[in-house]
Amino acid sequence: MKEDDQTARPRVLLKLSGEVLAGEAGRGIDPEFTDELAGAVLALAAIGCSVGVVTGGGNFIRGRDLISADRITGDQMGMLATLINGLAFRDAIRKRGGRAVVLSSIPVEGIFETFSPEKAGEYLNRGYVVIYSGGTGNPCLTTDTAAALRAVQTGCSILLKGPKVDGVYDSDPAQNPEAERFTTLTYDDVLRLDLKVMDAAAVAICRDAALPISVFDILDPENIARIFKEPSIGSLIGGTSHG
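Presented here is a report on the structure given in the accompanying data block. Along each chain, the written sequence defines residue order, and numbers are assigned to residues from 1. Two thresholds apply to this predicted model, a pLDDT of at least 70 for residue-level local features and 80 or more for giving and counting side-chain atom pairs, whereas whole-chain, interface and lining totals are computed over all residues. With hydrogens and water excluded, all non-hydrogen atoms of the structure serve as input to the side-chain values.

**Quick word on the layout of surface pockets**
At step 1: Site definitions follow a grid-based scheme: protein atoms alone, a 1 Å grid, a 1.4 Å probe that fits but cannot get out for cavities, and for pockets an open set with protein on both sides within 12 Å along at least five of seven lines, plus lining residues having an atom within 4 Å of a point. Grid points are joined across faces, edges and corners, and a volume is the space filled by probe spheres set on the points. As a volume, the second largest pocket reaches approximately 150 Å³.
At step 2: In this structure, the second largest pocket is lined by 14 residues; those nearest its centre are Gln6, Arg9, Leu42, Ala45 and Gly127.
At step 3: If you list the elements that add at least two residues to the lining of the second largest pocket, you get helix H2 (31-46) and strand S2 (50-55).
At step 4: For the lining of the second largest pocket, the element with the most residues is H2, which contributes three residues.
At step 5: Each residue is assigned to one class: nonpolar for Ala, Val, Leu, Ile, Met, Phe, Trp, Tyr, Cys and Pro, charged for Asp, Glu, Lys and Arg, and polar for all the others, Gly among them. Partitioned by chemical class, the residues of the lining of the second largest pocket number eight nonpolar, four polar and two charged. Only DSSP runs of H or I reaching four residues or more are called helices, and only runs of E reaching two or more are called strands; each is numbered from the N terminus.

**A word on the packing of aromatic side chains**
At step 1: Only Phe, Tyr and Trp rings take part, Trp by its six-membered ring, and two of them pair if their centres are within 6.5 Å. Stacked means planes under 30 degrees apart, edge-to-face means over 60, and tilted covers everything else. Scanning the model with the defined rule gives two aromatic pairs in all.
At step 2: The interplanar angle of 85° and the centroid separation of 5.6 Å between the aromatic rings of phenylalanine 115 and tyrosine 132 together place this pair among those described as edge-to-face. With phenylalanine 115 in the loop between strand S4 (113-114) and helix H4 (117-125) and tyrosine 132 in strand S5 (residues 129-133), this pair connects stretches of sequence that are 17 residues apart.
At step 3: Think of it in three bands: with a 1.4 Å probe and only protein chains considered, a residue is buried below 20% of the maximum accessible area for its type, exposed above 50%, and partly exposed in between. When its relative accessible area of 14% is taken as the criterion, phenylalanine 115 is described as buried.
At step 4: When the centroid spacing of 4.9 Å and the interplanar angle of 70° are considered together, the rings of tyrosine 123 and tyrosine 128 count as edge-to-face.
At step 5: Residue tyrosine 123 is classed as buried on the basis of its relative accessible area, which comes to 13%.

**Describing the nonpolar core**
At step 1: The term nonpolar core refers to a set of buried residues drawn from Ala, Val, Leu, Ile, Met, Phe, Trp, Tyr and Cys, joined through side-chain atoms within 4.5 Å. Core analysis: the biggest nonpolar cluster contains 31 residues, and Leu13, Leu103, Val130, Tyr132, Leu159, Ile213 and Ile237 have the highest contact counts within it.
At step 2: Residue contributions to this core peak at four residues, all from helix H5 (residues 143-153).
At step 3: Apart from the residues lying within four places of it in its own chain, the contact partners of leucine 13 are Gly52, Val54, Tyr132, Ala147, Arg150, Ala151, Cys156, Ile158, Leu159 and Leu160.
At step 4: With 30 residues, the next largest nonpolar core counts Val12, Val51, Ala100 and Ile158 among its residues. In what follows, a contact means two residues having at least one pair of non-hydrogen atoms within 4.5 Å.

**Notes on the pairing of strand S6 (residues 158-161)**
At step 1: Side chains of S6 alternate between two faces, with Ile158 and Leu160 and Leu159 and Lys161 buried alike.
At step 2: Strand pairing requires that DSSP identify at least two bridges connecting the strands. Judged from the four bridges that link them, strand S1 (residues 11-16) and S6 form a sheet pairing that is parallel. Across the sheet, leucine 13 pairs through a bridge with leucine 159, a residue of S6.
At step 3: Bridge count between S6 and strand S10 (residues 213-215): three bridges; the pairing is parallel. The residue of S10 that forms the bridge with leucine 160 is serine 214.

**Remarks on helix H3 (residues 71-95)**
Owing to its 3.6 residues per turn, the α-helix brings residues three or four apart onto one side.
At step 1: For H3, which comprises 25 residues, the first-to-last C-alpha distance of 37 Å matches the rise-based estimate of 36 Å (1.5 Å per residue) to within 8%.
At step 2: Two residues or fewer past H3, glycine 97 is found with a positive phi of approximately 90°. The span one expects for a helix is its residue count, reduced by one, times 1.5 Å.

Below, the structure is given as structure tokens:
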């Protein structure tokens, strides 16, 4: 198959949490919902974007919750879980007829290629969905931070963050029915109000690179492509404080 040069296409990064891949079950991988997400990512590519995806691992293990292991070991276990999700999502893309590759921040010879910005760029330019797994490769840093880093390292124009709610709220909407959703807010707003949409390190990386973050409800996978035409369905983080 001839691979087209897609260097002129804007690059987008999607942060895909492990909990999302688990679907309603909350644990493991939901094959049907993962297939829907793969189709939605290919739809995003079809409207003219080069797509990168960072996978989390919370559907298998969350290192900070392990009482039987220390923090470093727990985080290393979590990084390995993201590799499982990366493989699953790669194959979901391939079964839909797309091209996908997993680049790991942790060398795993024989299964993954190791991440570098140059290698990622080559694959993106050839029309692949590039899946970044293994977190940052370092403990004590979240996959949100990995998403911010990979987006900046590969020249993305926006970072898409798809939790299970339709944007950023001033308090937890599951606990407060009066919670208000932000349509737009600044990076400093997120940090000052401690809104927990992403960890502080990830927000700071995006702020320093002037990389917008779009937060939207991923439980409807069609929102992955829809957010560009209807940004009001989510919350957009960017810009500087107003005073």
